[in-house]
Amino acid sequence: MRVVVQRAKNAKVTVNGETVGRIDFGLVLLVGVTHHDTEEDAAFVADKIANLRIFEDEAGKMNVSLLDVGGAVLSVSQFTLYGDCRKGRRPNFMEAAKPEHAFVIYEAFNEELRKKGITVETGQFGAMMEVTLTNDGPVTLIVESKEKNE
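Remember, it's a predicted structure, so these values are computed and weren't measured experimentally.

Conventions used here
- Residues numbered from 1 in each chain as written.
- Predicted model: local features only at pLDDT ≥ 70, side-chain atom pairs only at ≥ 80, totals over all residues.
- Heavy atoms only, no water.
- Helix = DSSP H or I, 4+ residues; strand = E, 2+ residues; numbered from the N terminus.
- Buried < 20%, exposed > 50% of the residue type's maximum accessible area, 1.4 Å probe, protein only.
- Polar contact = N/O pair within 3.5 Å; in protein donor to acceptor, adjacent residues only side chain to side chain.
- Core = buried A, V, L, I, M, F, W, Y, C linked by side-chain atoms within 4.5 Å.
- Contact = heavy atoms within 4.5 Å.
- Phe/Tyr/Trp six-rings, centres within 6.5 Å; stacked < 30°, edge-to-face > 60°.
- Lys NZ or Arg CZ within 6 Å of the ring centre and 35° of its normal.

A. Examining the environment of Pro 138 more closely. Here Pro 138 shows up in strand 8 (residues 130-144). Residue classification places Pro 138 among the exposed positions, given a relative accessible area of 65%. Taking C-alpha positions, Pro 138 is 13 Å from Gly 26, a pair spaced 112 residues apart along the chain.

Structure (structure tokens):
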């Protein structure tokens, strides 16, 4: 799994002009799934993100987590995170999981966050979406599943 993590003051996702997910404060997560990702990968990445110390404490240092600050998540599926741009001018998406597999892993990931008590709003899987956010900091990180970090 590959997740782009953006600290946000607020965010929303719309489909065909209708808001389908909205948060006031927390993280926007752009979530990519590849063929070999498992529910174990989803649990690992969810735990890593929930506990990342990327919010500021009283001293202004990034020292507290999403769980500590009680923030929410706006989770948006994003197969283009596995686009390979190394050759040519058109991205190759062969590493992106097929929708049937990606949906299962994406849902497992969101459920793992919910199990931790985090409010999770989502986009609409497979839809053309518009994501609007106020990036706080800006703070933007990439978190990948355990296999890629070993």
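Past the structure itself, the notes keep going.
B. Examining the side chain of Thr 34 more closely. With respect to the helices and strands, Thr 34 occurs in the loop between strand 3 (26-32) and helix 1 (39-51). From its side chain, Thr 34 meets the backbone oxygen of Glu 95 in a polar contact 2.3 Å long.

C. Summary view of the nonpolar core. The biggest cluster of nonpolar side chains holds 29 residues, and the ones touching the most others in it are Val 3, Leu 27, Leu 29, Ile 49, Phe 109 and Leu 113. Elements represented by at least two residues in this core include exactly strand 1 (2-15), strand 3, helix 1, helix 3 (99-115) and strand 8. Considering each element in turn, this core owes the most residues, 6 residues, to helix 3. Leave out the neighbours within four places in its chain, and Ile 49 touches Val 3, Val 5, Leu 27, Leu 29, Phe 109 and Val 143. By size, the runner-up hydrophobic cluster in this structure holds 13 residues, among which are Ile 23, Val 28, Ala 72 and Leu 81.

D. Up close: the packing of aromatic side chains. Scanning the entire structure with this criterion turns up 4 aromatic pairs. Each ring, one from Phe 79 and one from Phe 93, has its centre 5.1 Å from the other, and the planes form 65 degrees; the classification is edge-to-face. Of this pair, Phe 79 sits in the loop between strand 6 (72-77) and helix 3 while Phe 93 sits in the loop between strand 6 and helix 3, and the two are 14 residues apart along the sequence. Judged by its relative accessible area of 33%, Phe 93 is partly exposed. Aromatic rings pair up to connect Phe 103, Tyr 106 and Phe 125 into one cluster. Arg 2 extends its terminal NZ or CZ atom over the ring of Tyr 82, reaching a point 4.3 Å from the ring centre.

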